[in-house]
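# Fold and geometry: a report
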Number of protein chains: 2
Amino acid sequence: MSVLVVGSIAFDTVETPHGRREEMLGGSATHFSCAARYFTDVRLVAVVGSDFPSEGLEFLRSRGVDLDGLQVREGKSFRWEAVYHGDMSQAETLATHLNVFRDFSPVIPESYKDSPFVFLANIDPDLQAEVLRQVKKPVLVAADTMNHWIADKKESVRKLLASADAAILNDAEARMLSGEASLPLAAERIRSYGTKYVVIKKGEHGALLFSGQTRFALPGLPLSDVRDPTGAGDTFAGGFMGRLAQLETVTESALREAVLYGCTMASFNVQAFGVEGTASLTRQDIDRRLEEFRNLVRL
Amino acid sequence: MSVLVVGSIAFDTVETPHGRREEMLGGSATHFSCAARYFTDVRLVAVVGSDFPSEGLEFLRSRGVDLDGLQVREGKSFRWEAVYHGDMSQAETLATHLNVFRDFSPVIPESYKDSPFVFLANIDPDLQAEVLRQVKKPVLVAADTMNHWIADKKESVRKLLASADAAILNDAEARMLSGEASLPLAAERIRSYGTKYVVIKKGEHGALLFSGQTRFALPGLPLSDVRDPTGAGDTFAGGFMGRLAQLETVTESALREAVLYGCTMASFNVQAFGVEGTASLTRQDIDRRLEEFRNLVRL
């Protein structure tokens, strides 16, 4: 089954203790697609500027990503610049130039409207809601958000989550949105807005899944070569949603496996800059890493 | 098989966002014993002052802890005072009065010398080594340490670990001792000193086990009612060593299960002040929590 992602495509300039890269292909929709495409068809809705190079389009297209929903607008593409210090647990944003992304208004092409799996990456919650008005009864809608929207549009975020099936947030966002310091209490609170599943990403410490009766947790895979954490959260979402779309079901065991796939794809992402870590994996690479993860937690 | 613990018995005064307790029974040997005693016989070596109340001895004795190795010295017992803020991830020590613990010189009674499992809780690494000279070929020796000894006696700590089988450290200690920020690299470095197994405790984020070929990780059990983390590390060690002693073996699968038991006992510990959380559990309480943990990570 296909998965639709609505999010950003950006050029990222990133410096970490392991190096610096300028104007790498990035953005939430890019990172998501680079992970999800191993498991299912990906339909992308985003906007780029007239400066966006054909190599960028070719990169995505060659990976099987459907670009019918990509808007090309007069002007410059979204650019983001950040530096990570020390243990790289937090990005210090140096510059955000939204450019054409500032007026992004997602339009879902007719051919995408029946998408059974929908991922609303971090954009204005009112625009995320706008997407949901355009699609027809998806099997599962998952939404991300960020501190900025929680601070400025908390009610919109809550309303959006009420009409989504799953919230995929990091620990700081879950705490900020719910006002609860304890993650199980935060998840309970967020579920009370109306969303069935809450997935909390904890970076190097793994991920948690809360549904009604079920709690599932995976530790992070211990890695000795983390180089750039940019996009790890969207890569997680790509693995998570991609696997659910591939399994064509949202049972408890499918959700657990989806978290494993999310963590697995995120582990590739952080080992290299930008999408270098996920761009060109073989099925064997992924299977080996999945097996490594299963062994890590085997009791 | 019996487990021998050499460590401290203290009176702890602790304040957390959930309350304050004065002069609770605490110390590494106490927390360790309160967890390990559910799984095996515990032999304790520690020192208390002449002010130590008979209720304290009775508390431990009634839990089956062998006190033949407990020294009672003229003077006051060890006292520690600390406050935890916010998410309680770090204790701020307000006062440390070593009192009789300052001149603690562990003497292993004849009846303890054949102890097959030995846990060297955090004391001067030269004293930990002294203990190892007194015991006869244990099956497994595990050692803890702390930042203070790593800063002041790093060579002694390394030498001690070379003659122990397992290091049980928290993430900050592992990083400080090894000089490596990445935990898998830190574990590799610590194993290079000569210790076979490295267990890294990550508080609310669970625990990691590294041996030659094997890496094992458990996430933390999501808890909504953490009240006092004091002693969680020693409680983990009690569950870990207690389970190994009960299984009478140190195979890979036993080690994995021991980490599960350690995390499980630590989860009880943090839900209440001092040893309130572990003092009076039933076998059913423990079995239920173990099952909850297994379900949490089941793929």
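Notes on the structure in this doc start here. (Residues numbered from 1 in each chain as written. Chains lettered and ligands numbered in written order. Predicted model: local features only at pLDDT ≥ 70, side-chain atom pairs only at ≥ 80, totals over all residues. Heavy atoms only, no water.)

## Section: the overall build of chain A
- The helix and strand inventory of chain A stands at 11 helices and 13 strands.
- Rg of the C-alpha trace for chain A: 18 Å, near the compact-globule value of 19 Å for 299 residues, within the 12% margin.
- Once the C-alpha set of chain A is aligned to its principal axes, its extents read approximately 50 × 45 × 35 Å.
- Expressed as a percentage of its 299 residues, the buried residues of chain A come to 61%.
- Partitioning the contacts of chain A with sequence separation of at least 6, the portion at a separation of at least 24 is 64%.
- About 11,700 Å² of surface is accessible on chain A, with carbon and sulfur atoms providing 47% of the total.
- Seen as two clouds, the 33 positive and the 40 negative side-chain charges of chain A have centres 5 Å apart. (Helix = DSSP H or I, 4+ residues; strand = E, 2+ residues; numbered from the N terminus. Rg over C-alpha atoms; globule rule 2.2 N^0.38 Å. Buried < 20%, exposed > 50% of the residue type's maximum accessible area, 1.4 Å probe, protein only. Contact = heavy atoms within 4.5 Å. Areas by Shrake-Rupley, 256 points an atom, 1.4 Å probe, with all protein chains shown as cover. Lys, Arg positive; Asp, Glu negative; His and termini not counted. Charge placed at Lys NZ, Arg CZ, Asp CG, Glu CD.)

## Remarks on the side chain of B:Ser178
Residues and elements named next belong to chain B.
- For Ser178, the location among the structural elements is in helix α6 (residues 171–178).
- At 3.1 Å, the side chain of Ser178 forms a polar contact with the backbone nitrogen of Glu180.
- Apart from residues no more than four positions distant in its own chain, Ser178 is found in contact with Ala186, Arg189, Ile190 and Tyr193. (Polar contact = N/O pair within 3.5 Å; in protein donor to acceptor, adjacent residues only side chain to side chain.)

## Looking at the packing of aromatic side chains
All names here are of chain A.
- Across all of its chains, the model carries 14 aromatic pairs over all chains by this definition.
- Geometrically, the ring pair formed by Phe32 and Phe119 is stacked, given 4.8 Å between the ring centres and 5 degrees between the ring planes. Here Phe32, found in helix α1 (residues 28–36), pairs with Phe119, found in strand β8 (residues 117–120); they are 87 residues apart in sequence, far enough to count as distant.
- We classify Phe32 as buried; its relative accessible area is 0%.
- Classification of Phe119 by relative accessible area gives buried; the value is 1%. (Phe/Tyr/Trp six-rings, centres within 6.5 Å; stacked < 30°, edge-to-face > 60°.)

## With respect to the relation of the copies chain A and chain B
- Note on the copies: chain A fits chain B at an RMSD of 0.0 Å, the axial shift is 0.0 Å, and the rotation between them is 180 degrees. Each copy turns onto its partner about a two-fold axis. Ranked by how close their C-alpha atoms come to the rotation axis, the residues of chain A are headed by A:Pro219, at 2.3 Å.
- A shared binding surface is used by both copies, with 100% of the interface residues of chain A retained as interface residues in chain B. (Least-squares fit on C-alpha atoms with pLDDT ≥ 70 in both.)

## What to know about helix α8 (residues 232–247) of chain B
Residues and elements named next belong to chain B.
- With 16 residues, α8 should reach 22 Å at 1.5 Å per residue; the first-to-last C-alpha distance of 22 Å fits that figure.
- Within α8, 13 of the 16 residues are buried, which leaves the element mostly enclosed by the surrounding structure.
- Directly after α8, the chain includes Glu248, whose backbone phi takes a positive value near 60 degrees. (Expected span 1.5 Å × (residues − 1).)

## A few points about the side chain of B:Gln271
All names here are of chain B.
- Mapped onto the elements of the fold, Gln271 is located in the loop between α9 (252–270) and α10 (276–279).
- Taking relative accessible area as the criterion, Gln271 reaches 18% and is therefore assigned buried.
- A polar side-chain atom of Gln271 sits 2.9 Å from a polar atom in the side chain of Asp225.
- Within polar-contact distance, the side chain of Gln271 engages the side chain of Arg289 at 3.0 Å.
- Residues within four places of Gln271 in sequence aside, it is in contact with Leu223, Asp225, Arg227 and Arg289.

## Some details on the interface of chain A and chain B
- Between chain A and chain B, the contact holds 29 residues from the first and 29 residues from the second.
- Area buried by chain A at its contact with chain B is led by A:Arg215, A:Pro222 and A:Leu299, which between them contribute 26% of it.
- Counting across the interface, chain A meets chain B through four salt bridges.
- A salt bridge links A:Arg298 to B:Glu252, with the shortest nitrogen-to-oxygen separation between them at 3.9 Å. (Buried area = accessible area lost by both parts, 1.4 Å probe. Salt bridge = Lys/Arg side-chain N within 4 Å of Asp/Glu carboxyl O.)

## Concerning the sheet that holds strand β11 (residues 197–201) of chain A
All names here are of chain A.
- Strands sit in the order β5-β4-β1-β8-β9-β10-β11-β12-β13 across an open sheet of nine strands; the sheet is mixed. The two strands at the open ends of the sheet, each matched to only one other strand, are β5 (65–73) and β13 (215–218). Here the strands of the sheet are splayed against their neighbours by 15 degrees on average, with no regard to which way each runs.
- Across four bridges, β11 lies against strand β12 (residues 207–210) in antiparallel orientation. (Pairing = 2+ DSSP bridges. Axes fitted to C-alpha atoms, helices over the stretch in contact; angles between N-to-C directions.)

## Let's talk about the pattern of salt bridges
- Within the structure shown, the criterion is met by 42 salt bridges over all chains.
- Among the ionic pairs, B:Arg133 bridges to B:Glu130, the shortest N-O distance being 3.0 Å. Taken together, the residues B:Arg133 and B:Glu130, both in helix α3 (residues 125–134) and three residues apart, mark about one turn of the helix.
- Residue B:Arg133 is classed as exposed on the basis of its relative accessible area, which comes to 61%.
- Overall, the relative accessible area of 30% leaves B:Glu130 in the partly exposed class.
- For B:Glu180, the salt bridge identified is with B:Arg189, shortest N-O distance 2.8 Å.
- Residues joined by salt bridges that share partners form a network here, namely A:Glu15, A:Arg20, A:Glu22 and A:Glu81.

## Here's the deal with the sheet that holds strand β5 (residues 65–73) of chain B
All names here are of chain B.
- The mixed open sheet is built from nine strands, whose spatial order is β5-β4-β1-β8-β9-β10-β11-β12-β13. In the strand order of this sheet, the two ends are held by β5 and β13 (215–218), each with one partner. Averaged over neighbouring strand pairs, the angle between their axes works out to 15 degrees when direction is ignored.
- One ladder, built from four bridges, connects strand β1 (residues 3–6) with strand β4 (residues 42–49); its direction is parallel. By the bridge assignment, Val5 is partnered in β4 with Leu44.
- This element, α3, spans β1, β8 (117–120) and β9 (140–143) of the sheet and lies at about 165 degrees to β8.

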